[in-house]
Amino acid sequence: MFQSNTNRRGAKAGASGQARGGTTIAALALLALIMAGAAYFRLNGLGETAVTLEQLTLLRLAARSINIEMLPLAGYTVSGITNPPLVLYLLALPLRIQATLWSAFSFQVWLAVAAVPVLYLAAGQLFGRLAGLLAVFLLAFHPWAVAGNGTVLFFAVLVLAGFMLFLAGKPRTAYLGLAGFGLAALSQLQWEAWLLLPMAALLLLIFRRPGSFRPTLFGILIFILSYLPYLTFEQPRAFSDLLAGWHGLFSAGVLSGRDHLSSLSVVMAGLFAAALTYGVAIPLYWHRWQQIGWNELSLRLRGLFVLALWSVVPWLLSSLNPVKTYLLPALFLLLVVPVAGGLTYLHARLDGRTGRILSTLAVFLLGCLAFWLVETQLVGASVADGRSIREIDALIALSRERLAAYPDCGMVVLGVGNHADSSPIGLLDEFVYPREVRFVEQGRGLLLPEACVLYLLAGDDPAAEIWLQVNGRLLPGAWPFYQLPPRGEMTAGSEPLAVWRNGLELLDYQVEGTAAPGQQLILQYTWHVIQQPRPRQHFHFFNHFLNEAGEIVAQEDGPGVHTAYWRPGDVLVTRFYLNLPPDLPAGRYTIQTGVYTWPELRRVRLRRSEETTYKLSPPLVLDR
Amino acid sequence: MKRNQIAVNLFISAAAILFMAVVLEGGIRLLFPDHPQPDRFRLSTLLGWEWTPGYEAVEHFKGVDYQMKISTQGLRNELVVVPKPAGTYRILALGDSITEGPGVELQGTLIKILERLLAEKWVGIETVEVVNAGTGDYGTEQELIWLRERGVSYEPDLVILNLYLNDSRSFVPPASFTAAYNNFLVEHSAFYTFWRSLVRQQLVAQNQATTDFRFRFLPAWEAGGWRTDSKALTQLIQSADQDWGLAWYDEELLRIEGMLTEMIQLAQTEGFELQLVIFPVNVQVYTQVDTPLDLTGPQYELVHFARQQGLPVLDLLPVLRAYNDEVLYYDQAHLTPHGHELAAEAIQDALEENQQVSKWEILKSMLK
């Protein structure tokens, strides 16, 4: 039936070449309009988009790859990000041209826009122009697609188009080559996309036909080759991420549909049930009824079958996140094919003029709905957490400017997070490379190098702010930069109170607050770093509140200033907040401090001594 | 038909590869009859690397030619008789290249000087043997493994552990397959060895930064500012943090202490005495200033630990410092023949002080 319809349409089109040319131009114009709209919706407000910590970390690693000219990349982080290098290679491309966040994020936008014609070509060939246009319309304007990662969308479309064209169209080797590359990239960008592999194997088995062996082999080869960078990256880590991902894939949380299905709205559940029925049940019944081989099915039926298996099965299997960016193109196609069919049906049943008006109205209404959804859900949405792309780009530019003006100064950021990996603006260090940026947690202390330093007060720390105002010079600008003059070397008179074997001297301490039950003591220490800690060596400080029997009755530990930032000659000021228990009995109490290795928790001994702690004096006497 | 075709193709490919291998092997042997020289080291799954048994060559070190001969037992020493003959007092000297003695003939190494000194001292004793079990770049971990797996079979009465400040460095043994094929090919194929030396040259050129990283202290060391400038000395120690500067890190000393504890236990189990000798870096010997890092800190901590454990210990720093107007070192680590002499004398004195000699006297009386 579909075959004969196609033939009829072909005959009609052949009879009127001019009309076909006109339709093609109109479709291309519409496609161009959709692409422009897709770009507009993604670029409009992009600068105000909040950036997540993970995105920032990935950008930082990508920038590092450019700075140190070394690949693979992710092995250099302590943040626990286990993304394979491919995503970093892709992010590094735009950063090489312009090292700004805007550059990286707009690159993803252009990839998403590039996905539009690719999907149109594949969908148009199998399901007709109308279905193709409707599918790319959703891809361009659906909120999930607009919010989704453009890189993922691009590869998802590439792999879908390759498979669909090979399985339902002509079995060209290039199609499977594209699909193999796309699948390798996609599964490295979104780990769950591995679920597509069994689907791909199943579909290749179902639709096997003479001459498909070599293209399949070619596709597999391309897939394996595209995975080589990842395997190279994993090899020195004993493939631990790969194995963890594999186990994670089969954990209850991922491959269980329970949570996901119950979280669906009625409308969405209905839509997907309809798509499932349409995509799976009808071809199955059709096949049984007609008693024909798979390869004798029409392009459209085969395409639908492929789509159904391709999208619905992995979607139902996976429940981590209801919005699967990598499945969106296939799901959109599943949704629009019946819509396009309905419109064609209406067009045929009603008289020509009414049909055109109705179908145009339907498309218009669909467009309005998409516009409304995008406007309300994305563009109009407020930036809840994190700083925006524009804000961070402005900070990067200002930091570069400041450091250029003070070539002898280092830079310290005082704000949230005590390390670049945990700071919302941690990527600064790689974006101002080769200048060094160090991070100090707000309220936890200060870092005072020997040389001059530019302090960026990026958080809320009133005590530090006062100190900076007194000792430094506030530079004009949107961000509060303070310039501190060189501190100079420690003078001979500054004899340490204690020296630990990790090269840390205790110079001074202060205890603020009242030693009373339920009260808080603020312990501020001044340290001098005389030895560079070894790479990957971390130290934490401990503060013990001891009773007369030497028992610990209160304790406060922490990293103070992160060990990665200790440099010989630095003075560190660390601040700890020791909460005393409310039922503290009267007596004499002592505070002791020291350092231990993290995460081994091995106390560091004092130099030329077996002791590990320094006891603050005088002891605190507590009366009740 | 198709299967036959594949089999024929595979056979032709294999034959072509084999033919090329034979041609290349023959070509290299013809073109470079003296090439390649056998490697002084071979890979070891147990120790990372070890002396190649039977290796013999005239080597060059810091402008000095010397004879390097490795016994079939894999030691820079004459053959050691096993089982130990009656009346022999056998000392095994463990260590790295300082013990091995590059730039010094075997008889000029501190090990053989010590042997002669002891023989002179212990007149009337049939045999005193001091076996050089030093292997280039070994750390304490490898020495402990060597002693446990091989050294005890030599039935030592005394083991001298020569410790240098970079001995906490760990090692990664190669996979057994890698070691097996590598050692086989090195031994039997001139082409492989030739090819490997080319690749190695390339790798060294490419990894210049990595190589430099361990020895990045060398320019500052050669500049010599550390002799009189405390800040330069501090920076030098910091920049040697992949080599001898390791000893200024507490966790590295702890690693050594852990291995020393194991060695003490092994000595108790196997019934031999143990003597620790700490070799200083020449910076400690020749500098005239101190550093906030505590110039003699590593020795202090190690001696303190050894004494706590009841382990006889000799710190060579004060001994060599007393002669710091003389040339005792070829470089930052390796001793000149004169340095070897001084070290040997000091060790002999220490053995006497630590009463290993008195034990020998008892043994001697028993033998009579």
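Counting of residues starts from 1 at the beginning of each chain's written sequence and follows it residue by residue. Chains carry letters and ligands carry numbers; both start at the beginning, A for chains and 1 for ligands, and go up in the order they are written. Local features are withheld for residues below a pLDDT of 70 in this predicted model, meaning they are given only at 70 or higher, and side-chain atom pairs are given and counted only at 80 or more; totals for whole chains, interfaces and linings count all residues.

Let us now look at the overall build of chain B. Going along the chain from the N terminus, every DSSP run of H or I of four or more residues is numbered as a helix, and every run of E of two or more is numbered as a strand. For chain B, the count of helices and strands is 15 helices and nine strands. Whether a residue is buried, exposed or partly exposed follows from its count of other C-beta atoms within 10 Å of its own C-beta, namely 20 or more, 12 or fewer, or something in between, respectively; the C-beta atoms are built from the backbone. With 368 residues in all, chain B has 38% of them scored as buried. Contact criterion: two residues are in contact if their C-beta atoms, reconstructed from the backbone, are within 7 Å. In chain B, once contacts between residues fewer than 6 apart in sequence are set aside, the share between residues at least 24 apart is 72%.

Across its full length, chain A carries 20 helices and 15 strands. Counting only residues that meet the buried cut, chain A has 39% of its 624 residues in that class.

This brings us to the packing of helix α5 (residues 101-127) of chain A against helix α8 (residues 150-168) of chain A. Residues and elements named next belong to chain A. In contact at an axis separation of 8 Å, α5 and α8 are set at 15° when each is read in the N-to-C sense. Taken together, the axis directions place α5 and α8 in an arrangement best described as roughly parallel. For the element pair α5 and α8, the recorded crossing hand is left-handed. In this structure, α5 contributes Gln-108, Val-109, Leu-111, Ala-112, Ala-114, Ala-115, Val-118, Leu-119, Leu-121, Ala-122, Gln-125 and Leu-126 to the contact, and α8 contributes Gly-150, Thr-151, Leu-153, Phe-154, Val-157, Leu-158, Leu-160, Ala-161, Met-164, Leu-165 and Ala-168. Considered class by class, the residues forming the contact of α5 with α8 number 19 nonpolar, four polar and no charged. Fitted lines through C-alpha atoms give the axes, limited to the stretch in contact for helices. The angle between two N-to-C directions lies from 0 to 180 degrees. Any angle between 65 and 115 degrees counts as roughly perpendicular, while under 35 counts as roughly parallel, over 145 as roughly antiparallel, and the rest as oblique. Helix crossings fall into two classes, left-handed where the near helix is turned counterclockwise from the far one by less than a right angle and right-handed where it is turned clockwise. Nonpolar residues are Ala, Val, Leu, Ile, Met, Phe, Trp, Tyr, Cys and Pro. Charged residues are Asp, Glu, Lys and Arg, and all others, Gly as well, are polar.

Each domain's extent was defined by an automatic or database domain assignment. Assigned domains within chain B: domain 1 (1-33) and domain 2 (75-169 + 219-367). A separation of 52 Å is found between the C-alpha centroids of domain 1 of chain B and domain 2 of chain B.

Residue and element names in this part refer to chain A. What the five strands build is an open sheet, ordered β2-β1-β4-β6-β5; its pairing is mixed. Edge positions in the sheet fall to β2 (437-441) and β5 (473-475), since each of these pairs with one other strand and no more. Between one strand and the next, the sheet's axes are offset by a mean angle of 30°, whatever the strand orientation. At least two bridges found by DSSP between two strands is the condition for calling them paired. Relative to strand β6 (residues 481-484), strand β4 (residues 453-457) is paired through four bridges, and the arrangement is antiparallel. Opposite Tyr-455, over in β6, you have Tyr-482 as the bridge partner. Helix α20 (residues 462-471) contacts β1 (410-415), β4, β5 and β6 of the sheet and is inclined by roughly 145° relative to β4.

All names here are of chain A. Domain annotation of chain A identifies domain 1 (2-44 + 100-379), domain 2 (412-484) and domain 3 (498-622). Measuring from the centre of the C-alpha atoms in domain 2 to the corresponding centre in domain 3 gives 24 Å. Of all the elements in the fold, those that place two or more residues in the side of domain 2 that touches domain 3 are β2 and β3 (445-448). For the side of domain 2 that touches domain 3, the leading source of residues is β3, giving four residues. For the side of domain 2 that touches domain 3, the class distribution of residues is six nonpolar, four polar and three charged.

Structurally, Leu-58 of chain A can be placed in helix α3 (residues 53-68). Expressed as a C-alpha distance, the spacing of Leu-58 of chain A and Glu-401 of chain A, which sit 343 residues apart in the sequence, is 24 Å.

What follows is about the interface of chain B and chain A. Of the residues lining the interface, eleven residues belong to chain B; the matching set on chain A comes to 13 residues. Where the side of chain B that touches chain A is concerned, the elements lending two or more residues are α10 (250-270) and α12 (297-309) of chain B. Grouping the constituent residues of the side of chain B that touches chain A by class yields five nonpolar, two polar and four charged.

Moving on, we come to the pairing of strand β8 (residues 273-278) of chain B. Residue and element names in this part refer to chain B. Most of β8 is tucked away, with five of its six residues classed as buried. Across three bridges, the pairing between β8 and strand β9 (residues 313-315) is parallel. In the strand pairing of β9, Leu-276 is matched with Val-313.

Multiplying one less than the number of residues by 1.5 Å gives the expected span of a helix. With 16 residues, α3 of chain A should reach 22 Å at 1.5 Å per residue; the first-to-last C-alpha distance of 22 Å fits that figure. Residues of α3 of chain A that are buried include every one of Leu-56, Thr-57, Leu-58, Leu-59, Arg-60, Leu-61, Ala-62, Ala-63, Arg-64 and Ser-65 of chain A, and no others.

Here the focus is the nonpolar core. Buried together is how nonpolar side chains tend to be arranged in soluble globular proteins. Any nonpolar core is a set of buried residues, restricted to Ala, Val, Leu, Ile, Met, Phe, Trp, Tyr and Cys, that join up through C-beta atoms within 7 Å. Within the largest apolar cluster, 234 residues are counted, with the highest numbers of intra-cluster contacts made by Leu-119, Ala-135, Val-136 and Tyr-455 of chain A together with Ile-347 of chain B. Examining the composition of this core, we find that 16 residues originate from one element, α8 of chain A, more than from any other.

Turning next to the sheet that holds strand β7 (residues 158-163) of chain B. Residue and element names in this part refer to chain B. One open sheet holds the five strands; their spatial order is β6-β5-β7-β8-β9, and the pairing between them is parallel. Each having just a single partner strand, β6 (127-134) and β9 make up the two edges of the open sheet. Between one strand and the next, the sheet's axes are offset by a mean angle of 20°, whatever the strand orientation. Both strand β5 (residues 88-95) and β7 contribute to a ladder of four bridges, which runs parallel. Directly across from Leu-94, in β7, lies its bridge partner Leu-161.

Our next topic: the packing of α5 of chain A against helix α6 (residues 129-141) of chain A. Packed helices, taken two at a time, are described by the angle their axes make and the gap between the axes. Residue and element names in this part refer to chain A. Closest axis-to-axis distance for the α5/α6 pair is 7 Å, and the angle between their directions is 150°. Viewed along their axes, α5 and α6 adopt a mutual orientation that is roughly antiparallel. Every pair of crossing elements has a handedness; the one defined by α5 and α6 is right-handed. Only Arg-129, Ala-131, Gly-132, Leu-133, Ala-135, Val-136, Leu-139 and Ala-140 of α6 make contact with α5, whose side of the interface consists of Ala-115, Val-116, Leu-119, Tyr-120, Ala-123, Gly-124 and Phe-127. Class assignment for the residues of the contact of α5 with α6 results in twelve nonpolar, two polar and one charged.

So, about the environment of Glu-48 of chain A. Residues and elements named next belong to chain A. Its location among the elements puts Glu-48 in the loop between α2 (17-43) and α3. Note on Glu-48: 14 C-beta atoms within 10 Å, which makes it partly exposed. Sequence separation of Glu-48 and Leu-134 is 86 residues, and the distance between their C-alpha atoms is 29 Å.

With that settled, the discussion passes to the environment of Tyr-227 of chain A. Tracing the sequence through the fold places Tyr-227 of chain A in helix α11 (residues 213-234). Residues Tyr-227 of chain A and Phe-181 of chain A, 46 residues apart in the sequence, show an inter-C-alpha distance of 8.8 Å.

Another aspect to go through is the pairing of strand β11 (residues 552-558) of chain A. Residues and elements named next belong to chain A. With six bridges joining them, strand β10 (residues 538-546) and β11 adopt antiparallel strand pairing. From the neighbouring strand, Leu-546 faces β11, where its bridge partner is Ile-552. Hairpin connection of β10 to β11: five residues between the antiparallel strands, including Gly-550 at a positive phi of 85°.

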